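# Architecture and fold: a report
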Amino acid sequence: MSHDPNCLFCKISQGLIPSQKVYEDEEIYAFKDINPAAPVHFLVIPKKHIPMLESAESIDAPLLGRMMELAPRLAKEQGCRPGKDGGFRLMVNNGADGGQEVYHLHLHVMGGPRPWKK
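About the criteria used
Numbering of residues begins from 1 in every chain and follows the order in which that chain's sequence is written. Owing to the predicted nature of the model, reporting of local features is limited to residues with pLDDT of at least 70; listing and counting of side-chain atom pairs is limited to 80 or more, with chain, interface and lining totals taken over all residues. Hydrogens are left out, water is left out, and the side-chain values use all remaining heavy atoms of the structure. Aromatic pairing here means that ring centres of Phe, Tyr or Trp (its six-membered ring) are within 6.5 Å. Orientation follows from the plane angle: under 30 degrees is stacked, over 60 is edge-to-face, and everything else is tilted. Comment: elements are numbered from the N terminus, with helices defined as DSSP H or I runs of at least four residues and strands as E runs of at least two. Burial classes follow relative accessibility: with a 1.4 Å probe on protein chains only, a residue under 20% of its type's maximum area counts as buried, one over 50% as exposed, and anything between as partly exposed. Any Lys NZ or Arg CZ found within 6 Å of a ring centre and within 35 degrees of that ring's normal is scored as a charge over the ring. In this analysis, strands are considered paired if DSSP registers two or more bridges between them. Fitting a line to C-alpha atoms yields each axis, with helices limited to the stretch in contact; the angle taken between N-to-C directions then spans 0 to 180 degrees. Residues are treated as being in contact if the distance between any of their heavy atoms lies within 4.5 Å.

## Thoughts on the packing of aromatic side chains
Applying the stated criterion to the full structure yields 2 aromatic pairs. Summarising the aromatic geometry, the rings of Phe-9 and Phe-31 are spaced 5.4 Å apart at their centres and angled 75 degrees between planes, so their arrangement reads as edge-to-face. Within this pair, whereas Phe-9 is found in helix α1 (residues 8-13), its partner Phe-31 is found in strand β2 (residues 28-32), the two being separated by 22 residues in sequence. There is no split in this pair, since Phe-9 and Phe-31 are both buried. Ring centres of Tyr-29 and Phe-31 lie 5.8 Å apart, and the angle between their planes is 35 degrees; this geometry places the pair in the tilted category. We note that Tyr-29, like Phe-31, is buried. Among the aromatic residues, those joined into a ring-pair cluster are Phe-9, Tyr-29 and Phe-31. One cation-aromatic arrangement involves Arg-114 over Trp-116; the distance from NZ or CZ to the ring centre is 4.5 Å.

## Section: the pairing of strand β1 (residues 21-24)
Summarising the sheet, β1 and β2 pair through 3 bridges and their orientation is antiparallel. Looking across to β2, one finds that Glu-24 is bridged to Tyr-29. The antiparallel pairing of β1 with β2 creates a hairpin that spans 3 residues between the two strands.

## Details of the pairing of β2
Burial runs high along β2: 4 of the 5 residues are buried. For β2 and strand β3 (residues 40-46), the ladder comprises 5 bridges, and the chain directions are antiparallel. Of the residues in β3, the one forming a bridge with Lys-32 is Phe-42.

## Overview of the sheet that holds β2
Pairing within the open sheet is antiparallel, and its 5 strands lie in the order β1-β2-β3-β5-β4. Since the sheet does not close on itself, it has two edges, and those belong to β1 and β4 (88-91), each with one partner. Strand-to-strand twist of the sheet, defined as the mean angle between neighbouring strand axes without regard to direction, takes the value 15 degrees. Against the sheet, helix α2 (residues 61-77) makes contact with β1, β2, β3, β4 and β5 (107-111), and its axis sits at roughly 155 degrees relative to β3, the strand it touches most.

Structure below.
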C-alpha cells in the first residue's frame, strides 16, 4: 500500500499524528474532523495514498465503494438519525477550485440536528 511520507492524512492513518478514531480496518481509516461543520463530522480516508478523487483509478473502485458503503453505518453510530427524517451529507472536495485543502482523498460525513454550517 502506498503512503506519502509528507501527507498529513497518511501520517494520521499510520498513527504518527493523533486523531479521534471512528473506525479502522486494513484499508480504511475514519476520524473526527478537527474543525467540525456539523454536530457529527468525520472523515473517511483510504489508507492508500490517493491524492484526489480524479487521481483514483479503476483498480481503486472496490475501495471507493467500501468507503461509500461504510459511511451510513458510521454516521448512524456517530449519532445521525437514520431514514428520511434524519440523514447526513457526504462531500468530497477535489482540487483547489473544489475546496480541497489536504491532498489525500477524503470523504466528509456530516450530520446531526440542523441548522449547522454549510
